[in-house]
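# Reading the structure
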Amino acid sequence: MHVSIKSINPSRIIVDFFLKKKKMLKLRQDLNTEFKKRLHFFETLSDVITWTPGNDDVNVSRVTLKQRPDWKREKSVDEQHRRDLRINVIDDNFEEFHDYFKFGQYCIQYWQFVDSFIYFSHHRVEIPPTMWVNAAHRNGTRVLGNFLTERADGSKDMELLVNGPDGQINKDGFNPFFADKFVQMAVYYNFDGWFINVESDLPGGERTARKLIQWLKYLTQEMHKNVPNSLVIWYDSVITAGKVRWQNILNDKNISFFNVCDGMFTNYHYGKNGPAISAMAAGSRNRDVYTGIDTYGRGTYGGGGFNTFLALEAIKHGRTSAGIFAPAWTFFEVPGDVFANDRLFWVGSPPGVAHRRPGVADYVAPKCVPKNTSFYTNFSLGTGHQFFIEGKSMIGLQDWFHLSHQSIGPNNLTFQLPRPNSFWWDYTFDTAYNGGTSLSINASGQLILPFARLPLYTLSLQIPPQTPLKLSVTYLPKQPDLKLSPYIRIRTNSINNSIQDQNFTTSEGAHFPDSTNIVQIELTSDSGVVTSKSFASTNTVLRNNGWITSEFILTCSIFKSSSSSTLGGDVNLRNDLVIEEFGISIYNLKNSTSHNVTRQLLGYVGELSIIPQNLKPDTNLEMVQNVKFERKVVNTPDLDDLSDEVTFVWGIVRWNDTVTPSEKDSSTHSDIKLSAGTSTEGEKQHVLAPIVTNLENTFAYYNIYVGVLPSSPNLSSSPDLNEITFLGISDTTQFSICGYGVMKCEIENGNGLVIWVQGVYEIDGSGVDKTKWAMTWVDLKN
């Protein structure tokens, strides 16, 4: 079952704060207008005619789509349905009502349930914002742009769409001009397809509908050629007669559109048997039907809202996929904690409570973490009350929000440890290691120590036969003698392993020396047999601010291949081992007794990673350089009688990278072109030049910091974390500073404004690379 979402969540610039009489105050300026200048959309189809790639790099996503590995199929029929059902999400943007720098703005927190995300707004052609594309791609979710027509003015554009600006028709009865433009946009801006939402009657009726079907077929084919794993989704609105007639199911009046693209998102007014009727019409493509659910209700079967599960129940039995419209209902319409509301919608009530309310997770299996040779997360939600580097807060009482900073969140949300052990996690904004969020680990009920395990992620990460892997967890303990270390489950084709290293012991709860850390390893076979081992040999690294990193080096040499003849002979390293589950081990070596607790905070988890030991920096990776500040205004406005104390700075920070896109891509954005040829029938043919794009060596986003330092600082030095303040995040190589306050006495003493730019990689587990900083110094006297 697929999930698709329509939504907008623009990135705004965080406005800095200033000091007055030793108190931290905030100066805010509404920048929605400035942000809208970056939103790229077209109000009419005619506006698309002159668009060409290469002139709007500020809106190009910097994160490629990460591929999710195929799930291992379970024998249970119900589990098979949960894994097959896909979710497609659509969400209105409500851009006029958002304060996009405000803490807790709506964004998808549960990407593991979302297969495709439709960025939807009421413009003719909408390009998904980079922050949405970056966050979705990092989690393996495809993002679709939106084409929308409504009412009579849309009818005029539909005629232009199929006939083109020059009116020249090919042998299939349509003009491919705008389809080619749509493909170019997807390639250039780095998103994954289109949602075609035609809610206008077609001029020419059935004749134009036939043209539109051929146009849709062509768009789908060209998207598949130029954008791997792309999707073109049709909305259930226009029928083959050319009229807007919502059918709410797949039937003979709309199936011709469905047959030429990748799927259809149905309207919402169906009955209990609607999904089953659609599935029957679709045949083997039943999962390509996204049965629509309007979270606001409005005629949806089951009523939407927290009763969305009723529609999902019908979809489960009907065996289609699901299309969820406007899940931001939890943010806009439900009072209370927006994160708790969203969790209830997606995950449901906690297991074991009376009258438990199901969520999306009860009907859709969470997708595996995107496939890679390594794994890294800092649990960031892309928002926070503070910003932390190595456990130190870099910002004082300043909320921030930026979706591009969102890391891979735990996807084993419904896991429940068997009683009497009861552990659970939750996000916290008060304490973090890198970013704005960490996981708080709590316990209640009958707490049995010294050992328990808490899985967090479902992976499919191959263990290289010749390359050690470093497993690490960085945590802040809040209970005496509490320790955390990595936990993994390994899948192999056979459980018939001989363990060479005699430091392995059997089962949890065994006695270990107080000085050691413990990593828990489970082996599971295809038959489901699980062997559990505890390995008492991990490394402890003391970090800043009380944080601790527990590390374990995993090699295939600890498993003897079944083909080896003797323990004393050469060891045949296994090449069939895959890490399928990753989390933490929790234990307290000095307290092995059972005791009851009501609720107890055990500690915080800040980072979790699996890194190959031979991972070396790519020499072609980008480096931030040439940071410049284009000053617009430095003044002292009359604000709260501060003009005598504070100078305020407005301006644009710009920078570039040592490796440009044209140098690292096998073909550049300027290579995206149309070549014209002439067929034997004299018809004009449009062929897209093949595009090969490699963005793996680019930064995912940038962190921007400021400080006040004397003139002529060492521009090549790393920053002193005690002298800088987090200012905000940018998707692109520029950032607006709007009203940063500097004390006049600091300027009189010869200090100026220092601006630091930090490029952040989120590939191969590198996370925040603290060596990739660059800076500039701004003289505020002149």
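Residues numbered from 1 in each chain as written. Predicted model: local features only at pLDDT ≥ 70, side-chain atom pairs only at ≥ 80, totals over all residues. Heavy atoms only, no water.

For the chain, the name recorded in an unreviewed UniProt entry is Cytosolic endo-beta-N-acetylglucosaminidase, with Gigaspora margarita as its organism.

### Here's the deal with the overall build of the chain
Our working definition: Strands here are runs of E lasting at least two residues and helices are runs of H or I lasting at least four, both read from the DSSP assignment and numbered beginning at the N terminus. Residue contacts are defined here by distance: any two heavy atoms, one from each residue, within 4.5 Å place the two residues in contact. Surface accessibility in these figures is a Shrake-Rupley result with a 1.4 Å probe; residues are shielded only by whichever protein chains are displayed.
Of regular secondary structure, the chain possesses 13 helices and 42 strands. For the chain, restricting intrachain contacts to residue pairs at least 6 apart in sequence, the fraction spanning at least 24 positions comes to 78%. Accessible surface computed for the chain: about 30,400 Å², of which carbon and sulfur atoms make up 48%.

### With respect to the packing of aromatic side chains
Formally: To pair, rings of Phe, Tyr and Trp, with the six-membered ring standing in for Trp, must have centres within 6.5 Å; the planes then decide the type, stacked if under 30 degrees apart, edge-to-face if over 60, and tilted in the middle. Only when the NZ atom of a Lys or the CZ atom of an Arg is both within 6 Å of the ring centre and within 35 degrees of the ring normal do we say a charge sits over the ring.
Considering all chains together, one arrives at 39 aromatic pairs under this definition. With a centroid separation of 4.3 Å and an interplanar angle of 0°, the aromatic rings of W234 and F257 are classed as stacked. You can see W234 sitting in strand β10 (residues 231-235) and its partner F257 sitting in helix α7 (residues 255-258), a full 23 residues away along the chain. Over the ring of F258 we find R285, and its NZ or CZ is 4.0 Å from the ring centre.

### Looking at the pattern of salt bridges
Threshold: Here a salt bridge means any side-chain nitrogen of Lys or Arg lying within 4 Å of a carboxyl oxygen belonging to Asp or Glu.
The final tally for this structure, using the stated rule, is 13 salt bridges. A salt bridge links E551 to R543; its shortest N-O distance comes to 3.9 Å. Here the salt bridges do not stand alone but share partners, grouping R86, R285 and D288 into one network.

### Considering the sheet that holds strand β16 (residues 388-389)
Threshold: Two strands are counted as paired when DSSP detects at least two bridges linking them.
Read across the open sheet, the three strands follow the order β17-β16-β20; overall the sheet is antiparallel. Here the strands that pair on one side only, and so sit at the sheet edges, are β17 (392-393) and β20 (434-435). The pairing of β16 with β20 spans two bridges and is classified as antiparallel. Bridging across to β20, F388 finds its partner in G435.

### Focus on the nonpolar core
The condition is simple: Among the buried residues, those of types Ala, Val, Leu, Ile, Met, Phe, Trp, Tyr and Cys that are joined through side-chain atoms within 4.5 Å form a nonpolar core. The cut-offs for exposure are 20% and 50% of the maximum accessible area for each residue type, with area from a 1.4 Å probe on protein chains only; residues under the lower value are buried, those over the upper are exposed, and the others partly exposed.
In terms of nonpolar packing, the biggest core is built from 91 residues, with M185, W194, I196, W215 and W234 touching the most fellow members. Top contributing element to this core by residue count: helix α5 (residues 177-189), with ten residues. Grouped together as the second largest cluster of nonpolar side chains are 44 residues, F339, F423, A452 and L554 included.

### Digging into the packing of helix α8 (residues 274-282) against helix α9 (residues 308-318)
Stated formally: Here an axis means a line fitted to C-alpha atoms, over the contact stretch when the element is a helix, while the angle between two N-to-C directions is reported on a 0 to 180 degree scale. The scheme is simple: roughly parallel for angles under 35 degrees, roughly antiparallel for over 145, roughly perpendicular for 65 to 115, oblique for anything else. What makes a crossing left-handed is the near helix being turned counterclockwise from the far one by less than a right angle; a clockwise turn instead makes it right-handed.
Running from amino to carboxyl end, α8 crosses α9 at an angle of 30°, the nearest separation of the two axes being 7 Å. It follows that α8 is roughly parallel to α9 by the angle criterion. The handedness of the crossing between α8 and α9 comes out as right-handed. Every residue of α9 that contacts α8 at P275, A276 and A279 is listed here: A314, I315 and G318.

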